[in-house]
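Residue-level listing of the chains:
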Amino acid sequence: MSDLLLPTDSSSQIYLDANATTPVLPCIAEVVSHTMQICFGNPSSSHITGIQAKHLLEQTRQKARDVIGAQLGDILFTSGATEGIQTAVVSTLIAAKQHTKKNPVLLYGATEHKAVPNTLLHWNAVLGINATLLAIPVSSEGILDLDFIAQYASDALMICTMAVNNETGVYQDLSAIEAVIRAHNTEVAWMVDCVQALGKTALALSDTTIDYAPFSGHKLYAPKGIGVLYIRQGSAYTPFIAGGGQESGMRSGTENLPGIAGLNKLFSLLLDKADNTFKSIEVLNSYRKQLHQALVDTFGNLTFNHAFELSVPTTLNFSIDGLTSKEIMDLFDAAGIRISGGSACSSGANRSFVLDAMGVSDWRSENAIRLSFGPATTEAEIDLACERIRSLKPILEANCLVVSDSAFPLQEACALGLTQFRHQGACCWLYVSQDKQAVIIDPIIELIPRLEKIVHTQNLTVAAILDTHAHQERSGAITLLAQALRFSLEAEHQLGWPVHQTAIELPECTIERVATPGHSVDSVSYLLRCNQSKQVRFCFCGDLLLPAGLGNTAIDGGDALVMAYSLRQLSQRLDNATVMCSGHDYQQCFAINWQVQQQQTPLLHALLVNELSDAEFASKKSHSDESNLSKFATLCGYADSLQHSTAYELNAAQAKDMLATNDVTLIDTREPYEHGANNIPQLFSIKPARVMNIPLSRMANALVDGQLNPRGKYILLCRSGNRSKQAATNLSQLGFTDVYNLSGGMALL
């Protein structure tokens, strides 16, 4: 068996990301396989095998016409929707090169798939059209602004809209759009992205003046790499791919016959009214209702980002107050439920441009979740999905991610010590003492609901809410958090610290306050000193220091010379093992001690060993900050590249072999709510005592508490191998020499 094959137990996976792609239906896969092995001819060949292939191709073309309601015009087989979009745009713009419009524009929906505006932008420049690209605004419900279209349609060379949105499922009124377009411009080319409409809405393209309509097979149970482009009769056309003249000279290259055969079977299923593979709108609506209720039962307070009555029933887009999209996705993934954050095609994005266009809040846009299922989904699959979603509630309650509605919630013991919370690159720190007093440092507005849940569900007593400085890049959160936690700030305080208090006393430690200006005038650092050893365990330095870097001084209140003095003063109070807790961590370092901070920050090292005077340091720092400011805008600090990691990569087989010896410990770097969803010892056939759960948010605490031995041998894992790689890199930089990362993580086990 090929080592590329993954385990075939599909029952462990609940796939709810159909808008990204779908599995190939078994009956379609069978036809594809048959075509690859039996009916494998080249449609251009004149022998019988070729004739059979040609018959299959033309039969599929006719079925495509029947499915999309297009008996007139051309049906072109493509590699997918992106190629179809390129073809439509190139054909239109080449035909428009001789236009006489004074102010030519190219219109596209603001919520359009990025393939459309990016293609328009590219070919507009390459072909020298020099038209202005304009995004058609949408309402808060995602509906295109018809008045805007009416205003600019007469100057438009092309108008691009979509039938159904891939992130929200919102569908457009194509008849209304057509009426507006043609009332103002009867000649303009109109392309409608129909990728998400196939199998979900009725289509009759020949009854419209739509010029181009791209489709993609893999969005509806056919293979990847095959699609269809509808071209209205008489619309401009220029071959995008030239060559051997296939597809009547319209698209060269030997046709993808197996993919076309897959479409053939797909279209047959769609056309067969007696076949129940594809469910009716009524059934799909009932599925959505079930999933909606399961989500509400599990998460309680969530917001759906689209109106169900204006959306196809196969898409649910929602945000949960206090939970990031990454946390939700990691939790669902650990439970075997596949969902996505926004668009899978834009998974690197921090926020949803679709929801931004609809005017939703920053939190909802940044943390949107898309749950989507295909129209061939069965009732049993939906029932299982709802059951699996509801099974997450006890895990969420136990980890303070939702407030329990039980009189006796089964919550885990509070995570004592230090926990890091992050929002984008900013860091917030929560220290919980042995007697469950909480000190929150550098709170972030977006994290207030999360912190509120933790404090209330764990019955913590708030001892202090502190800022290290008045953060220049965001609004202060101290007052809002204090109100949410019903905590009374002292009448006279500085950044939350009572002015008449010299220290915050906790049972096992004392927190001291030290003025450390430089990044800003009011910057302070908080030192958490162990009462027993008298050593400073943690230094909350705000943006004076960042992992492997220093705070920015080229902003309001910054002063590099003052920073030099603060760094020298701070150095006299810290131990090499003191863990530095910064206000920002752009390097995703998570834990760095004072010794490594000096080693990896050359300018800091040069200052503290007196290679540079304060004035020389200030000169170099100011020059560096001004240079970085022009490249990185107003980041709160700049870090040098961290030293190369000495962590090693292992595949699953190598990891299991290594774990056969008893001197190796497995560290799961996922959050506890993810860790609890899998039986890791069973997966690796090792004793539970040899598995540790140290998420990245608790890495700093693990270092100080002595949970990890620099001479120990550790294999780190997570969902995908990314977080564990960060942790392995982090540990190797801290002097751990026998650290390994499970490449691909749980996904490739």
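Position numbers for residues count from 1 along each chain, tracking the sequence in the order it is written. Under the rules for a predicted model, residues below a pLDDT of 70 receive no local features and side-chain atom pairs below 80 are neither given nor counted, while totals for whole chains, interfaces and linings still include all residues. The side-chain numbers reported here are obtained from all heavy atoms of the structure, hydrogens and water having been left aside.

Visitor: Explain the packing of helix α8 (residues 281-299) against helix α12 (residues 379-390) to me, and be specific about the residues and the numbers.
Guide: All axes are obtained by fitting lines to C-alpha atoms, using only the stretch in contact for helices, and the reported angles, taken between N-to-C directions, cover 0 to 180 degrees. What counts as a helix is a DSSP run of H or I of at least four residues, what counts as a strand is a run of E of at least two, and both are numbered from the N terminus. Between α8 and α12, the least distance of the axes is 9 Å, while the angle of their chain directions is 10°. In terms of axis orientation, α8 runs roughly parallel to α12. Residues Y287, Q290, L291, Q293, A294, L295, D297 and T298 of α8 form the contact with α12, whose participating residues are E379, I382, D383, A385, C386, I389 and R390. Residue polarity follows a fixed list, in which Ala, Val, Leu, Ile, Met, Phe, Trp, Tyr, Cys and Pro are nonpolar, Asp, Glu, Lys and Arg are charged, and the others, Gly among them, are polar. Within the contact of α8 with α12, the residues separate by chemical class into 8 nonpolar, 3 polar and 4 charged. Reported orientations rely on four angle classes, namely roughly parallel under 35 degrees, roughly antiparallel over 145, roughly perpendicular from 65 to 115, and oblique for the rest. Throughout, a residue-residue contact means that at least one pair of heavy atoms, one from each residue, lies within 4.5 Å.

Visitor: Before we move on, could you go through the confidence of the model for the chain and cite the residues and values that matter?
Guide: Put simply, the chain has an average pLDDT of 91, and 94% of its residues get 70 or more. Predictor confidence is given residue by residue as pLDDT, running from a minimum of 0 to a maximum of 100. Note on residues 343-349: pLDDT under 50 across the span, and 8 contacts to partners over four residues away in sequence or across chains. Within the model, pLDDT remains below 50 along residues 403-413, and this stretch shows 15 contacts once partners closer than five positions in the same chain are excluded.

Visitor: Give me the lowdown on the pairing of strand β13 (residues 417-423), citing residues and values where you can.
Guide: Summarising burial for β13: 6 of the 7 residues are buried, a large majority. Whether two strands pair comes down to DSSP finding at least two bridges between them. Summarising the sheet, β13 and strand β14 (residues 426-432) pair through 7 bridges and their orientation is antiparallel. Directly across from L418, in β14, lies its bridge partner Y431. Adjacent in sequence and paired antiparallel, β13 and β14 are bridged by 2 residues, among which Q424 carries a positive phi angle near 55°. Only protein chains enter the calculation, and the probe is 1.4 Å; a residue is then buried if its accessible area is under 20% of its type maximum, exposed if over 50%, and partly exposed in between.

Visitor: Outline empty space enclosed by the protein, listing residues and values.
Guide: The gaps of empty space that remain are located by a probe, the size of a water molecule, rolled over the atoms. Within this scheme a cavity is a closed region of a 1 Å grid, computed over the protein atoms alone, that accommodates a 1.4 Å probe without allowing it to escape, whereas a pocket is open but has protein on both sides within 12 Å along at least five of seven lines; lining residues each have an atom within 4 Å of a point. Grid points are joined across faces, edges and corners, and a volume is the space filled by probe spheres set on the points. Counted according to the given criterion, the structure contains 3 cavities of 30 Å³ or more. Taken as a whole, the largest cavity holds about 60 Å³ of empty space. Those elements giving two or more residues to the lining of the largest cavity turn out to be α2 (48-68), β7 (212-216), β8 (227-231) and α7 (257-271). Split into classes, the residues belonging to the lining of the largest cavity amount to 7 nonpolar, 3 polar and no charged. Reported here for the second largest cavity is a volume of approximately 50 Å³. Contributing to the lining of the second largest cavity are Q420, C427, W429, P547, M580, S582, H584, D585, C589, F590, A591 and I592. Contributing elements (two or more residues each) for the lining of the second largest cavity: β14 and β25 (579-582). Within the lining of the second largest cavity, the residues separate by chemical class into 8 nonpolar, 3 polar and 1 charged.

Visitor: Summarise the sheet that holds strand β15 (residues 437-441); cite the residues concerned and give the values.
Guide: Read from one edge to the other, the open sheet built from 4 strands follows the order β13-β14-β15-β16, with strand pairing classed as mixed. Each having just a single partner strand, β13 and β16 (461-466) make up the two edges of the open sheet. Taken pair by pair, the neighbouring strands of this sheet meet at an average axis angle of 20°, ignoring direction. Note: β15 against β16, 5 bridges, orientation parallel.

Visitor: Break down helix α24 (residues 722-733) for me, citing the residues and quoting the values.
Guide: Multiplying 1.5 Å by the helix residue count minus one yields the expected span of that helix. In a regular helix each residue adds 1.5 Å, so 12 residues correspond to 16 Å; α24 covers 17 Å between its end C-alpha atoms and thus fits that length. Within α24, burial applies to R723, S724, A727, A728, N730, L731, S732 and Q733. Where α24 is buried, its residues touch α9 (325-334), α17 (594-599), α21 (672-675), α23 (699-705), β31 (713-717) and β32 (739-742). Backbone geometry just downstream of α24 places G735 in the positive-phi region, at approximately 100°.

Visitor: An account of the state of the cysteines is needed here, citing residue identities and associated values.
Guide: Working definition of a disulfide: a covalent bond connecting the sulfur atoms of two cysteines. Here, two cysteine sulfur atoms that lie within 2.5 Å of each other are counted as a disulfide. Within this structure, the stated rule accounts for 0 disulfides. Left unpaired, C428 is separated from the closest cysteine sulfur, that of C427, by 9.0 Å. Among the residues examined, C428 registers a relative accessible area of 0% and is labelled buried. Looking at C539, it has no disulfide partner, and the nearest cysteine sulfur is the one in C541, 4.9 Å off. Among the residues examined, C539 registers a relative accessible area of 0% and is labelled buried.

Visitor: So, the environment of F77: which residues are in play, and what are the values?
Guide: Within the secondary structure, F77 is located in strand β2 (residues 74-78). On a C-alpha basis, the gap between F77 and P137 in space is 32 Å, while along the polypeptide they are 60 residues apart. Excluding anything up to four places from it in sequence, F77 contacts L57, T60, R61, G227, V228, E247, R251, I260 and L263.

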